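Here's the letter readout for the chains.
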Amino acid sequence: MDAEPATTGPAGLIARLRAKLTGGSSEASLTRRLAGTIFIIRVISAGLAYFSQVLLARWMGTSDYGIYVYVWTWVLLLGSMMDFGISASAQKIIPEYRASGDHALLRGFLSGSRWLVLAVSMLVSLALAGIVKLLSPWIDPAEELPLYIGCMTLPAFVVANTQDGIARSHDWMQLGLMPQFIIRQALIIGITASAFLLGYHLGAVAAMVASAGAVWIAMTGQMVVLNRRLADHIAPGPKAYDIGGWLAVSLPILLVESFYLLLSYTDVLVLQQFRPSDEVGVYFAVVKTLALVSFIHYAMSATTAHRFAEYNASGDKARLSAYVAHAIVWTFWPSLAATAVLLALGKPLLWLFGPQFVIGYDIMFVAAIGLVVRAAIGPVERLLNMLGQQKICALAYALAFVMNVVLCIALVPHFGGHGAAAATSLSLTFETVLLFWIVRQRLGLHVLAFGK
């Protein structure tokens, strides 16, 4: 997809780099620009999140910080699963409605999908709060109130995810991502810093209140701006609602997303059950430090998914194949470089959380293996989802999740954070091999960053 200049020397190297970043087909160039935008947003977000986590860890202490991390992990996990997969399927449904000219269905989806996930997430949040109440005799009293606040956070979190998927389907990457990843983090820092400076005790409860407020404020602002843009972009007219059709597409994707999230958060949740809260805090600091590698994968996934669906709907297989290869290369090599840099700077980065967090440095090397292996096949889970292979993709993730649970339960009690990292890396490696084989068999595509 790219043509390299035939020059040599330093000038030639610069020219080739410029060609890689800006040249090639219009799709490749646009993808790199959009992925670059997403990556920059996620890096800024990571900086803000890292800064906020460092502040919270220092202000709260390891025990309160560990409780906050535990509850916030549940919010991230459940909030990302409670939208029926619509935030991801929007990148398939919207391009297909546009391609077929079903404007009534398009208008119905853009508004109806958000009302649907808001209503259901509110009901589920009430049910979860009831479960917390029932289990309160067996729950650590210090965790109970933060868990209730987490339940209050979920509806706004779910709607924000859905709006993110709608915005990305229109290439409005900043609108989709900035409210969740930059504005929300900035609000958390501002609210907690204000409370700290005013002399309030900053424990797990106060941190969760600040986080809940930040999620609701960011989601509301995003909704106002998104509605205005959609009104300018789509002509008014009748709306049609194919809820059954939306769910038929979304639910298999939900299974994929759910198992992926379970795979991502199992290590933290199992660690909380078997090890003290301070160890959970250290492990979470390691995960946050390595987050930059995942951001590269996320950036390419968010940019390419709706184009996979678009090219497949138009029947342009050659274009799809070239685009997939391009996405994989631009996922793996930057991920490998980012991993090397983070491992080299790991100790000083962990020290920012506090001197006691440096003991997690060895865990970084174990956890990094799985991230690099997964990057070698790029965003193929999005490719499978967009091309109607959601069920087999969900099965692959389910098997990897079960493997991760078993390994975590076996390793975490004896090896703590090292065991959690090893279990996750082994599971990600298994998942990568399985997805590579599925794409090769089902789609006939080579989805490895090197080789043929």
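S.K.: Even after reading the chapter, I still don't get the overall build of the chain, so can you show me in this structure?
M.R.: Scanning the chain from terminus to terminus reveals 15 helices and 0 strands. Here the C-alpha radius of gyration of the chain, 22 Å, is about what a compact globule of 452 residues would show, namely 22 Å. Projected onto the principal axes, the alpha-carbon positions of the chain cover approximately 60 × 55 × 40 Å. Relative to its full complement of 452 residues, the chain shows a buried share of 54%. For the chain, long-range pairs separated by at least 24 residues make up 82% of all intrachain contacts whose partners lie at least 6 apart in sequence. Carbon and sulfur atoms make up 70% of the accessible area of the chain, which totals about 18600 Å². Treating the 29 positive side-chain charges of the chain as one cloud and the 23 negative ones as another, the clouds have centres 7 Å apart.

S.K.: Just to check I follow, could you spell out the pattern of salt bridges for this structure?
M.R.: Oppositely charged side chains are able to pair whenever their charged atoms sit close together. Summed over the entire model, instances satisfying the criterion amount to 3 salt bridges. Here Lys92 and Glu96 are joined by a salt bridge, their closest N and O atoms 2.9 Å apart. Note that Lys92 and Glu96 are positioned in helix 3 (residues 86–100) at a spacing of 4 residues, about one turn of the helix. The partly exposed category is assigned to Glu96, whose relative accessible area is 32%.

S.K.: Whenever I open this one, unusual backbone geometry confuses me. Can you help?
M.R.: The phi torsion of most residues other than glycine is negative, and most of the peptide bonds are trans. The backbone phi angle of Phe84 is positive, close to 65°, even though this residue is not glycine. Its place among the elements puts Phe84 in the loop between helix 2 (26–79) and helix 3. One non-glycine residue, Asp171, lies in positive phi territory at about 65°. Tracing the sequence through the fold places Asp171 in the loop between helix 5 (141–169) and helix 6 (173–197).

S.K.: How should I be thinking about the side chain of Arg374 in this particular structure?
M.R.: Structurally, the position occupied by Arg374 is in helix 13 (residues 361–375). Nearest to the buried, unbridged Arg374 among oppositely charged side chains is Glu431, at 5.4 Å. Discounting residues that sit within four places of it in the chain, Arg374 has contacts with Tyr260, Ser294, His297, Leu428, Glu431 and Thr432.

S.K.: Any chance you could explain the side chain of Asp83 here in plain terms?
M.R.: Note that Asp83 resides in the loop between helix 2 and helix 3. From its side chain, Asp83 meets the backbone nitrogen of Gly85 in a polar contact 2.9 Å long. The residues contacting Asp83, other than those within four sequence positions of it, are Val117, Val158, Asn161, Thr162 and Leu254.

S.K.: Explanation requested: the packing of aromatic side chains in the structure shown.
M.R.: Describing an aromatic ring pair means giving the distance of the ring centres and the angle of the ring planes. Applying the stated criterion across every chain yields a total of 9 aromatic pairs. Geometrically, the ring pair formed by Trp72 and Phe157 is edge-to-face, given 6.5 Å between the ring centres and 85° between the ring planes. In this pair, Trp72 sits in helix 2 while Phe157 sits in helix 5, placing the two residues 85 residues apart along the sequence. As far as the burial class goes, Trp72 and Phe157 line up, both buried. Ring geometry for Phe308 and Tyr323: centres 5.7 Å apart, planes at 80°, overall edge-to-face. You can see Phe308 sitting in helix 10 (residues 291–313) and its partner Tyr323 sitting in helix 11 (residues 317–344), a full 15 residues away along the chain. By way of ring pairs, the aromatic residues Tyr68, Trp72 and Phe157 are connected into one cluster. Directly above the ring of Trp172 sits Arg229, whose terminal nitrogen or CZ lies 5.6 Å from the centroid.

S.K.: I keep staring at the packing of helix 6 against helix 7 (residues 204–233) and nothing clicks. Help me out?
M.R.: Each pair of packed helices gets described by two things: the angle between the helix axes and the distance between those axes. Across the interface, helix 6 lies against helix 7 with an axial gap of 8 Å and an inter-helix angle of 145°. Seen along the crossing, helix 6 lies across helix 7 with a hand that is right-handed. Contacts from Leu175, Gly176, Pro179, Ile183, Arg184, Leu187, Ile188, Ile191 and Thr192 of helix 6 reach helix 7 at Ala210, Ser211, Ala214, Val215, Ile217, Ala218, Gln222, Val225, Leu226 and Arg229. Broken down by class, the residue content of the contact of helix 6 with helix 7 amounts to 13 nonpolar, 4 polar and 2 charged.

S.K.: I'm lost on helix 10 in this one. Help?
M.R.: Owing to its 3.6 residues per turn, the α-helix aligns residues three or four sequence positions apart on the same side. Between the first and last C-alpha of helix 10 there are 33 Å, a value that for 23 residues agrees with the 33 Å anticipated at 1.5 Å per step. Its axis deflected by about 35° at Thr304, helix 10 carries its strongest bend there. Within helix 10, 18 of the 23 residues are buried, which leaves the element mostly enclosed by the surrounding structure. Downstream of helix 10 by a residue or two, Gly315 has a phi angle that is positive, lying close to 75°.

What counts, and at which threshold
Residues numbered from 1 in each chain as written. Predicted model: local features only at pLDDT ≥ 70, side-chain atom pairs only at ≥ 80, totals over all residues. Heavy atoms only, no water. Helix = DSSP H or I, 4+ residues; strand = E, 2+ residues; numbered from the N terminus. Rg over C-alpha atoms; globule rule 2.2 N^0.38 Å. Buried < 20%, exposed > 50% of the residue type's maximum accessible area, 1.4 Å probe, protein only. Contact = heavy atoms within 4.5 Å. Areas by Shrake-Rupley, 256 points an atom, 1.4 Å probe, with all protein chains shown as cover. Lys, Arg positive; Asp, Glu negative; His and termini not counted. Charge placed at Lys NZ, Arg CZ, Asp CG, Glu CD. Salt bridge = Lys/Arg side-chain N within 4 Å of Asp/Glu carboxyl O. Polar contact = N/O pair within 3.5 Å; in protein donor to acceptor, adjacent residues only side chain to side chain. Phe/Tyr/Trp six-rings, centres within 6.5 Å; stacked < 30°, edge-to-face > 60°. Lys NZ or Arg CZ within 6 Å of the ring centre and 35° of its normal. Axes fitted to C-alpha atoms, helices over the stretch in contact; angles between N-to-C directions. Left-handed = near helix turned anticlockwise from the far one by under 90°. Nonpolar A, V, L, I, M, F, W, Y, C, P; charged D, E, K, R; others polar. Expected span 1.5 Å × (residues − 1). Bend = angle between axes of the 7 residues up to and from the residue.

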